[in-house]
Amino acid sequence: MSQSEGRDRLPAPLGDMPPDELEVSAGDVASWISNYLTGVSQYPVLAQVRPGEVRESLPPDLPEEGEPFKELLKDFEELILPGVTHWNHPGFFAYFSITGSAPGVLGEMLASALNINAMVWRSSPVGTELEEHTLALLRDLLGLPEEFAGTINDTASSSTLYALAAAREEKMPEAWEHGLSGASRGRFYTSEQAHASVEKAVITLGFGRSGTRKIPTDPEFRMIPGELRRAVLEDLEAGIKPLGVVATLGTTSTTSVDPVAEISAIAREFDLWLHVDAAYGGPAAAVPEFNPLFRGWEEADSIVVNPHKWLFTPIDCSVLYVRDAERLRKAFSLTPEYLTTPEMGAATNLMDYGIALGRRFRSLKLWFVLRYFGAEGIRARIRQHVAMARDLASSVDEHPDWVRVAPVPFSVVVLRFAPEGVPGEELDRANHEILERVNRTGEFFLSHTVLDGRVCLRVALGNLRTRWEDVERCWELLQELVPPGPGKEGRLRGAPARRGEEPG
Ligand code: PLP
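The notes below deal with the structure included here.

Procedures and definitions
Residues numbered from 1 in each chain as written. Predicted model: local features only at pLDDT ≥ 70, side-chain atom pairs only at ≥ 80, totals over all residues. Heavy atoms only, no water. Helix = DSSP H or I, 4+ residues; strand = E, 2+ residues; numbered from the N terminus. Rg over C-alpha atoms; globule rule 2.2 N^0.38 Å. Contact = heavy atoms within 4.5 Å. Areas by Shrake-Rupley, 256 points an atom, 1.4 Å probe, with all protein chains shown as cover. Lys, Arg positive; Asp, Glu negative; His and termini not counted. Charge placed at Lys NZ, Arg CZ, Asp CG, Glu CD. Pairing = 2+ DSSP bridges. Axes fitted to C-alpha atoms, helices over the stretch in contact; angles between N-to-C directions. Buried < 20%, exposed > 50% of the residue type's maximum accessible area, 1.4 Å probe, protein only. Polar contact = N/O pair within 3.5 Å; in protein donor to acceptor, adjacent residues only side chain to side chain. Expected span 1.5 Å × (residues − 1). 1 Å grid on protein atoms, 1.4 Å probe; cavity = no way out; pocket = protein on both sides within 12 Å on 5 of 7 lines; lining within 4 Å. Points joined across faces, edges and corners; volume = space filled by probe spheres on them. Arc of directions from axis to C-beta. Phe/Tyr/Trp six-rings, centres within 6.5 Å; stacked < 30°, edge-to-face > 60°. Near = heavy atom within 4 Å. Sits in = over half its atoms within 2 Å of the grid points. Nonpolar A, V, L, I, M, F, W, Y, C, P; charged D, E, K, R; others polar.

### Section: the overall build of the protein chain
A tally of regular secondary structure across the protein chain gives 16 helices and 11 strands. Here the C-alpha radius of gyration of the protein chain, 26 Å, is about what a compact globule of 504 residues would show, namely 23 Å. Projecting the C-alpha coordinates of the protein chain onto the three principal axes gives extents of approximately 100 × 55 × 45 Å. Sequence-distant contacts in the protein chain: of pairs separated by 6 or more residues, those separated by 24 or more amount to 74%. For the protein chain, the accessible surface area stands at approximately 23800 Å², while carbon and sulfur atoms represent 53% of it. Between the centroid of the 51 positive side chains of the protein chain and the centroid of its 73 negative side chains there is a distance of 4 Å.

This is the structure in structure tokens:
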């Protein structure tokens, strides 16, 4: 057999979707997306399915022969959509309300088509350089100093883990070589209102559950700096090594704002790493009138801000800023031979700033969002969310049977149905019942929290499609859906109206 005969027998590449089918399918998907984003409010915001129902509805077997894309799109509409809780719905007020905005979605589509992996600079130079450039634009928008360099991670949980890993590297450099066995006990501090991701990070880094010490908060749910100082001194006395402190700008339950400037002074006094969790609240730093809330955050060693929360960028996109990126690189850089490149030293290799080697092209969607809305457009949208939240807070304040449980520095209102004269446990049940009733309507999705041992409801605003009429309607529904019972008649006599107003 001659060489050319052999080559002729090689199979032609089996290939991807044929171009004509791709053209039609891409058009179908694009028009589906545009109809969805325009008409998302027709869907029930919270998926109205029971556990297991989605799975049972799916075709059980993998087909031997491939199926036309049209079939997949049909199943997407009929089988997948019923199991979707619509985070892009204007009535999504649970957790933190977010928006995968149109420019962000379009950026995500293009990034997915390019399918680049920016693990090292040469594996796609624009993946590295657009990330550096976009995060410098965002840093300037937020008013942070130039020493902060950013990287994009999937979530704030990863960003905080990396920040605390950098803290460990700096305060306990011996751990890089020898791990923690035989090392003295280390401690991180955060408030009792901090997100669970801080504790998870500390456990993952090898310090165990006792490696986090939770500092009490004041009546407005803010860390008490004097308590932090006391805890650090107590630990030093006990031979425990203080490593770092995590302050939060916009806590998960109430969006409370820790006094970062005071915490920063204590961090400096005791040589602690200061990490600021501004995963939710961070974008508000773009708005000048909110700057007082951020006083002192520019002194942090690291800061996390999630554009996928309140900066209209499709999930996932979490930004970790570190003052002097070299401090983060030290904790993660480890280059095997097969990843060395001629550009090492001249270009950034983003694999050096975290656990993941592979890196999606997340900066493209963020760059699109920042440029499409512009600084003023972003400020105006954030202002509007805060204004709506504050208007709702005023309505709640005027109602005799409802209390607002926390201040509203940003765009979340925490409230509780609490008429006088009704025992707390009964009110807890009533609040749970109201929550379930509202969520069953499909018009709104709310979540709850527990503060001072009592069940509270959260109305979180942050979606670009939410209008004041939606917020008003939700407030009406909350009042309408109070379950019948003694709770409707009398108010809880003698109980404090809200935290911070306790008698004496
Ligand atoms: N930090 C705060 C203040 C949060 O509210 C959240 C989540 O809501 C997180 C961190 C964790 O965010 P992620 O889901 O990006 O890990």
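### Notes on the sheet that holds strand β11 (residues 454–460)
Hydrogen bonds between backbone atoms are what pair the strands of a sheet, whose relative direction is either parallel or antiparallel. Read from one edge of the open sheet, 4 strands run β8-β9-β11-β10, paired in antiparallel fashion. If you trace the sheet from one side to the other, it starts and ends with β8 (402–404) and β10 (447–451), each paired once. Neighbour-to-neighbour, the strand axes of this sheet turn through a mean angle of 40 degrees, independent of strand direction. Sheet contacts for helix α16 (residues 468–480): β8, β9 (412–417) and β11; angle to β8, the most-contacted strand, approximately 130 degrees.

### Focus on the side chain of Asp-235
As for its placement among the helices and strands, Asp-235 is situated in helix α10 (residues 225–237). On the accessibility criterion, Asp-235 (2% relative accessible area) is buried. Among the polar contacts made by the side chain of Asp-235, one reaches the side chain of Arg-187 at a distance of 2.8 Å. If we skip the residues at most four places from it in the chain, Asp-235 touches Arg-187, Tyr-189, Arg-213 and Ile-240.

### Re helix α15 (residues 424–440)
Side chains of residues three or four places apart in an α-helix project in the same direction, reflecting 3.6 residues per turn. The end-to-end C-alpha separation of α15 is 24 Å, in line with the 24 Å expected for 17 residues at 1.5 Å each. Along its buried surface, α15 packs onto β8, β9, β10, β11 and α16. Immediately downstream of α15, the backbone of Gly-442 shows phi near 80 degrees, a positive value.

### Remarks on the pairing of strand β7 (residues 318–323)
Along β7, 6 of the 6 residues are buried, which leaves the element largely enclosed by surrounding structure. Sheet topology note: the strand β1 (residues 148–153)/β7 ladder contains 6 bridges and is antiparallel. The residue of β7 that forms the bridge with Thr-151 is Leu-320. Pairing analysis gives 4 bridges linking strand β6 (residues 302–305) to β7, with the strands arranged antiparallel. Across the sheet, Ile-303 pairs through a bridge with Tyr-321, a residue of β7.

### Quick notes on the layout of surface pockets
If you add up the space inside the largest pocket, you get close to 1100 Å³. Residue lining of the largest pocket: 45 residues in total, with Trp-87, Asn-88, Ile-98, Pro-314 and Ile-315 positioned closest to the centre. Elements represented by at least two residues in the lining of the largest pocket include exactly α2 (19–39), α4 (69–80), α5 (102–114), α7 (156–171), α12 (307–310) and β10.

### Overview of the sheet that holds strand β4 (residues 241–248)
Read across the sheet, 7 strands follow the order β1-β7-β6-β5-β4-β2-β3 without closing on themselves; strand pairing throughout is mixed. On the outer flanks of this sheet lie β1 and β3 (212–215), each paired with one strand and no other. Direction aside, the axes of adjacent strands within the sheet are offset by 20 degrees on average. Here strand β2 (residues 186–191) pairs with β3 via 4 bridges, running parallel. Bridge pairing links Tyr-189 to Arg-213 in β3.

### What about α10?
The terminal C-alpha atoms of α10 lie 19 Å apart, and with 13 residues this matches the ideal 18 Å at 1.5 Å per residue to within 8%. All of the buried residues along α10 are Pro-225, Leu-228, Ala-231, Val-232 and Asp-235. Projection of α10 onto a plane perpendicular to its axis shows the buried side chains occupying an angular sector of 120 degrees, all on one side. Buried residues along α10 sit in contact with β2, β3, β4 and α11 (260–269). The positive-phi residue at the C-terminal boundary of α10 is Gly-239, with phi of around 80 degrees.

### Structural notes on unusual backbone geometry
Each neighbour pair has its own omega, and for Ile-315 with Asp-316 the value is 15 degrees, a cis peptide bond. Examined against the element boundaries, Asp-316 turns out to sit in the loop between α12 and β7. With a phi angle near 45 degrees, Tyr-95 is a residue other than glycine that sits in the positive phi range. As for its placement among the helices and strands, Tyr-95 is situated in the loop between α4 and α5. By relative accessible area, which is 44% here, Tyr-95 ends up partly exposed. Of note, Asp-324 is a non-glycine position whose phi angle comes to about 70 degrees, a positive value.

### Description of the packing of aromatic side chains
If you walk through the whole model with that rule in mind, you get 22 aromatic pairs. Between the aromatic rings of Phe-294 and Phe-410, the centroid separation amounts to 6.2 Å while the plane-to-plane angle is 55 degrees, which identifies the pairing as tilted. You can see Phe-294 sitting in the loop between β5 (273–277) and β6 and its partner Phe-410 sitting in the loop between β8 and β9, a full 116 residues away along the chain. Counting every residue linked through ring pairs, the aromatic cluster contains Phe-96, Tyr-280, Phe-294, Trp-297, Trp-310 and Phe-410.

### Looking at the site of the ligand
Around the ligand sit 13 residues, and of these Ala-156, Ser-157, Thr-252, Asp-277 and Asn-306 come closest. Contact between the ligand and Asn-306: an oxygen atom at 2.9 Å from a side-chain N or O atom of the residue. One of the side-chain nitrogen or oxygen atoms of Lys-309 is found 3.2 Å away from an oxygen atom of the ligand. With respect to the pocket detection grid, the ligand is positioned in the largest pocket. Looking at the shell around the ligand, the elements that each hand over two or more residues are α7 and α12. Per-class residue counts for the shell around the ligand are 3 nonpolar, 8 polar and 2 charged.

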